Amino acid sequence: MSNMQEYMTRGEEYILKTYNRYQIVLEKGEGVYLYDMNGKKYLDFAAGIAVFALGYQNQEYNDALKNQIDKILHTSNLYYNQPAIDAAEKIVKTSGMEKVFFTNSGTEAIEGALKVARKYAYLKDPSRDYEFIAMNHSFHGRSQGALAVTGNAHYQDGFVPVPMRAVFADFNDLEDVKSKITDKTCGIICEVVQGEGGIYPAKQEFLQGLRDICDEKDILLIFDEVQCGMGRCGSLYAHDLYGVKPDVMALAKALGCGVPVGAFVTNEKASHALVPGDHGTTYGGNPFATAAVSKVYDLFDEMDIVGNVNKVGPYLYEKLEELKEKYTSIVDHRGVGLMQGLEFEGPVADIILKAMDSGLILISAGANIIRFVPPLVITKEHVDEMIQILEQSLQACNLQ
Ligand SMILES: *Cc1c(COP(=O)(O)O)cnc(C)c1O
């Protein structure tokens with residue numbers, strides 16, 4: 001038995017089985033390539049689920065973390081720490097929002113954002129019940145509150161009733177949203193580009209319409225940019241592409257580029273909802289995690305990550321369009337920047353396995369959709385390499 005096989009067997013023995021994992025143990029990364037324990041090399045078009053934007057082994061990033069380890073890893077939020085302040089300032093200045101609360105994950109960023117909207121409504125009328133409007137096919141995380149606004153029965157199965165109140169409307173259907181507004185509605189939450197739900201970008205009129213409804217009703221608009229934010233769609237924040245601002249924005253995934261960290265970011269109106277004692281976290285915003293965030297913002301600037309997305313994203317789009325033209329089993333192609341999806345007429349699991357055999361890491365978003373969320377430093381040559389292996393895999397699966 002190979003050493004890798006032995007590890008996987010032990011993994012099944014000791015790690016709670018909430019995932020059906022691919023049969024490899026990843027050991028290291030280098031640029032946009034990953035290596036398993038046997039030294040096999042893979043081109044990475046998943047980035048640890050849209051996380052590792054900078055590519056692996058960015059020296060400046062690694063050094064920043066090593067330096068922080070030698071100073072202090074953790075302080076708690078009872079005191080100030082320098083990296084958190086630096087990181088928060090960078091988020092505020094780049095987003096035009098007002099305040100930042102750091103969390104340990106995207107789910108927690110969503111939890112916090114929901115609490116802000118709930119509290120905002122509570123301050124106006126403590127006696128009134130509350131309800132969120134969320135979108136069908138959304139994904140916001142696995143905690144009970146985030147699940148409550150996740151519009152996919154599969155994630156809620158076995159965990160109902162969920163504690164927070166939500167009703168679901170169709171994404172990109174403004175009339176449907178309007179029909180679900182009641183005097184209990186305290187907030188509307190949506191992804192700017194739906195990720196897990198299958199890579200569906202919002203329409204301009206939809207986001208603007210949500211903004212108008214929220215202004216008119218004086219309720220909060222929450223954008224979940226956990227996956228689509230941080231440059232992935234071709235602007236630092238996805239909503240910048242639309243010129244529509246949220247009251248609260250949730251970030252995570254590429255925010256720390258591998259260090260577990262998220263944030264919810266509030267505008268002036270929303271910032272006042274929470275006061276000392278209303279929300280907290282032991283780890284959130286610790287100096288190690290926020291040193292990563294701070295360095296990520298610097299490197300995004302220095303390396304012109306957004307510029308690269310705008311160079312390589314359209315090229316990826318063109319190449320995937322060509323593939324769609326060629327194969328009738330590909331029924332749709334959607335997305336923006338380096339967040340794109342190819343929808344097939346049937347399940348894509350076998351294509352992904354074949355690609356992995358041939359040294360390409362891909363992931364799905366729903367059963368029939370291959371999702372392309374590579375590190376944001378990929379080049380056109382990497383796209384060509386990916387397309388070549390993908391096409392081989394389609395042929396190996398006998399797809400026309
Ligand atoms: C991944 C994701 C989350 C949850 O983030 P975690 O870090 O896994 O808790 C929330 N919203 C969206 C849109 C996501 O893609």
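Residues numbered from 1 in each chain as written. Predicted model: local features only at pLDDT ≥ 70, side-chain atom pairs only at ≥ 80, totals over all residues. Heavy atoms only, no water.

J.: Whenever I open this one, the overall build of the protein chain confuses me. Can you help?
T.: Assigned secondary structure in the protein chain consists of 14 helices and 17 strands. For the protein chain, the C-alpha radius of gyration of 21 Å lies close to 21 Å, the compact-globule estimate for 400 residues. Across its three principal directions, the C-alpha atoms of the protein chain cover 60 × 55 × 45 Å. Relative to its full complement of 400 residues, the protein chain shows a buried share of 54%. A separation of at least 24 residues holds for 71% of the contacts in the protein chain among residues at least 6 apart in sequence. Per element, the accessible surface of the protein chain, about 17,800 Å² overall, is 51% carbon and sulfur. (Helix = DSSP H or I, 4+ residues; strand = E, 2+ residues; numbered from the N terminus. Rg over C-alpha atoms; globule rule 2.2 N^0.38 Å. Buried < 20%, exposed > 50% of the residue type's maximum accessible area, 1.4 Å probe, protein only. Contact = heavy atoms within 4.5 Å. Areas by Shrake-Rupley, 256 points an atom, 1.4 Å probe, with all protein chains shown as cover.)

J.: Teacher, can you tell me more about the site of the ligand here?
T.: Every residue lining the ligand is accounted for by Ser-105, Gly-106, Thr-107, Phe-139, His-140, Glu-191, Asp-224, Val-226, Gln-227 and Lys-253. Measuring from an oxygen atom of the ligand, one finds a side-chain N or O atom of Gln-227 at 2.8 Å. When the ligand is considered free in solution it has 380 Å² of accessible area, and contact with the protein chains removes 81% of it. Broken down by class, the residue content of the shell around the ligand amounts to 2 nonpolar, 5 polar and 3 charged. (Near = heavy atom within 4 Å. Polar contact = N/O pair within 3.5 Å; in protein donor to acceptor, adjacent residues only side chain to side chain. Nonpolar A, V, L, I, M, F, W, Y, C, P; charged D, E, K, R; others polar.)

J.: I keep staring at the sheet that holds strand β16 (residues 363-364) and nothing clicks. Help me out?
T.: Read from one edge of the open sheet, 4 strands run β13-β14-β17-β16, paired in antiparallel fashion. Every interior strand has two partners, whereas the edge strands, β13 (330-336) and β16, have only one. Sheet topology places β13 next to strand β14 (residues 339-344); 6 bridges connect them, and they run antiparallel. The partner of Gly-335 across the bridge, within β14, is Gln-340. The strands that helix α14 (residues 380-396) touches are β13, β14 and β17 (369-372); relative to β17, the one it contacts most, it runs at about 165°. (Pairing = 2+ DSSP bridges. Axes fitted to C-alpha atoms, helices over the stretch in contact; angles between N-to-C directions.)

J.: Explain the pairing of strand β2 (residues 33-36) to me, please; I cannot follow it from the model alone.
T.: Residues in a regular strand project their side chains so that they alternate between the two faces of the sheet. Neither face of β2 is exposed, since Tyr-33 and Tyr-35 on one face and Leu-34 and Asp-36 on the opposite face are all buried. Of the strand pairs in this sheet, strand β1 (residues 26-30) and β2 are connected by 4 bridges, and their pairing is antiparallel. Bridging from a neighbouring strand, Gly-29 pairs with Leu-34 of β2. Between β1 and the antiparallel strand that follows it, β2, lie 2 residues; Gly-31 among them carries a positive phi value of about 65°. Sheet analysis places β2 next to strand β3 (residues 41-44), joined by 3 bridges and oriented antiparallel. Bridge pairing links Leu-34 to Tyr-42 in β3.

J.: What is the right way to read the nonpolar core from this model?
T.: Among soluble globular proteins, nonpolar side chains are generally buried collectively. Within the largest apolar cluster, 103 residues are counted, with the highest numbers of intra-cluster contacts made by Phe-45, Tyr-61, Ile-188, Leu-207, Phe-372, Met-386 and Leu-390. Beyond its immediate sequence surroundings of up to four residues, Phe-372 is in contact with Phe-45, Leu-316, Leu-320, Leu-338, Met-339, Gln-340, Gly-341, Leu-342, Leu-362, Met-386 and Leu-390. In terms of nonpolar packing, the next biggest core, distinct from the first, is built from 30 residues, Tyr-120, Phe-139, Val-149 and Ala-270 among them. (Core = buried A, V, L, I, M, F, W, Y, C linked by side-chain atoms within 4.5 Å.)

J.: Could you clarify how one ought to interpret the packing of helix α13 (residues 349-357) against α14 in this entry?
T.: Helix-helix packing is characterised by the crossing angle of the two axes and by the distance between the axes. The geometry of α13 relative to α14 is characterised by a closest axis approach of 9 Å and an angle of 125° between their N-to-C directions. In this view, α13 runs oblique relative to α14, as classed from their interaxial angle. As for how α13 packs across α14, the hand of that crossing is right-handed. When α13 is examined against α14, the residues Ile-351, Lys-354 and Ala-355 are found in contact with a partner set consisting of Ile-389, Leu-390, Ser-393, Leu-394 and Ala-396. Classifying every residue of the contact of α13 with α14 by side-chain character gives 6 nonpolar, 1 polar and 1 charged. (Parallel < 35°, antiparallel > 145°, perpendicular 65-115°, else oblique. Left-handed = near helix turned anticlockwise from the far one by under 90°.)

J.: Looking at this structure, how should I read the packing of aromatic side chains?
T.: Any aromatic ring pair is given by two values, namely how distant the centres are and how the planes are angled relative to each other. By the definition in use, this model includes 6 aromatic pairs. Seen from their ring centres, Phe-101 and Phe-264 are 5.0 Å apart, and the 10° between their planes marks the pair as stacked. With Phe-101 in strand β4 (residues 99-103) and Phe-264 in strand β12 (residues 262-266), the pair connects residues that are 163 residues apart, well separated along the chain. Three or more aromatic residues joined by ring pairs make a cluster, and in this case those are Phe-52, Tyr-56 and Tyr-61. Seen from the ring of Tyr-7, Arg-10 lies directly overhead, with NZ or CZ sitting 4.9 Å from the centre. Taking NZ or CZ as reference, Lys-41 lies 4.3 Å from the ring centre of Tyr-33, over its face. (Phe/Tyr/Trp six-rings, centres within 6.5 Å; stacked < 30°, edge-to-face > 60°. Lys NZ or Arg CZ within 6 Å of the ring centre and 35° of its normal.)

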